[in-house]
Amino acid sequence: MPYGLPYIARGQRIGLLGGSFDPPHAGHVHITKEALKRFDLDQVWWLVSPGNPLKDRGPAKLARRMAAAREIMDHPRVHVCDFESHVGTRYTAETLAVLQDKCPQARFVWLMGADNLAQFHRWKNWQEIMARVPVGVLARPGDRIDARTAKAAQVYHHARLHPRENRLLSRQSAPVWAFSNVPMRDISSTEIRKNGYWPKS
């Protein structure tokens with residue numbers, strides 16, 4: 001496959017976890033493994049972005065974040081890639097459009113933490129994202145109530161699966177989303193940087 005992507009069999013269900021991963025940590029690993037199980041995915045791809053348009057501060061160099069991500073996420077069904085830097089996309093909606101064009105045989109699912117759902121309506125063309133792919137939301141500490149009352153959750157209330165149906169998410173046609181409460185590790189990239197465990201260089 002081009003752009004360093006792994007082989008994809010027709011109909012494979014692939015979760016996409018995007019972010020700056022600045023730095024990647026055990027919480028990312030945990031939600032990835034939970035997503036594989038709870039949404040019945042064949043693979044999960046970490047899309048390590050060149051930068052986050054919603055953040056003022058630029059992340060560490062991409063090569064450093066990629067190396068750290070590959071070191072911490074060692075799983076045969078998880079692939080770490082820098083797809084966005086290869087194709088020049090900046091926003092998730094753009095990235096999904098290119099991925100679907102390059103990999104028409106795949107069934108993609110966008111993955112996010114509940115903290116991202118709470119601000120999802122601020123993402124560029126966020127409704128296009130909902131129209132393109134199923135979305136799987138995994139709850140993080142303290143974010144469960146806020147996420148359920150988020151603007152995106154209210155607008156797409158009709159498209160939410162019942163929790164008993166979450167494993168069917170990747171087989172549904174967008175717009176559809178699922179919210180999964182999981183035991184989460186209370187850790188974040190922001191806290192790691194604040195505590196000095198991820199120096200700038």
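Coordinates for the structure precede this section.
Reference entry: report on the structure contained in this document. (Residues numbered from 1 in each chain as written. Predicted model: local features only at pLDDT ≥ 70, side-chain atom pairs only at ≥ 80, totals over all residues. Heavy atoms only, no water.)

## A short note on the sheet that holds strand E2 (residues 43-48)
Ordered by their spatial adjacency, six strands build an open sheet running E3-E2-E1-E4-E5-E6, and the pairing between neighbours is parallel. Two strands in the sheet have a free side with no partner beyond their single neighbour: strand E3 (78-81) and strand E6 (177-180). Strand-to-strand twist of the sheet, defined as the mean angle between neighbouring strand axes without regard to direction, takes the value 25°. Where strand E1 (residues 13-19) meets strand E4 (residues 107-113), five bridges bridge the pair, whose relative direction is parallel. Bridged to Gly-15 within E4 is Val-109. (Pairing = 2+ DSSP bridges. Helix = DSSP H or I, 4+ residues; strand = E, 2+ residues; numbered from the N terminus. Axes fitted to C-alpha atoms, helices over the stretch in contact; angles between N-to-C directions.)

## Structural notes on the pairing of E2
Each regular strand carries side chains that alternate between the two faces of the sheet. The buried fraction of E2 is high, at six of six residues. In E2, alternate side chains face the same way, and those of Gln-43, Trp-45 and Leu-47 on one face and Val-44, Trp-46 and Val-48 on the other are all buried. Note that E1 and E2 share six bridges and pair parallel. The partner of Leu-17 across the bridge, within E2, is Trp-46. Bridge count between E2 and E3: four bridges; the pairing is parallel. Across the sheet, the residue bridging to Trp-45 is His-79, located in E3. (Buried < 20%, exposed > 50% of the residue type's maximum accessible area, 1.4 Å probe, protein only.)

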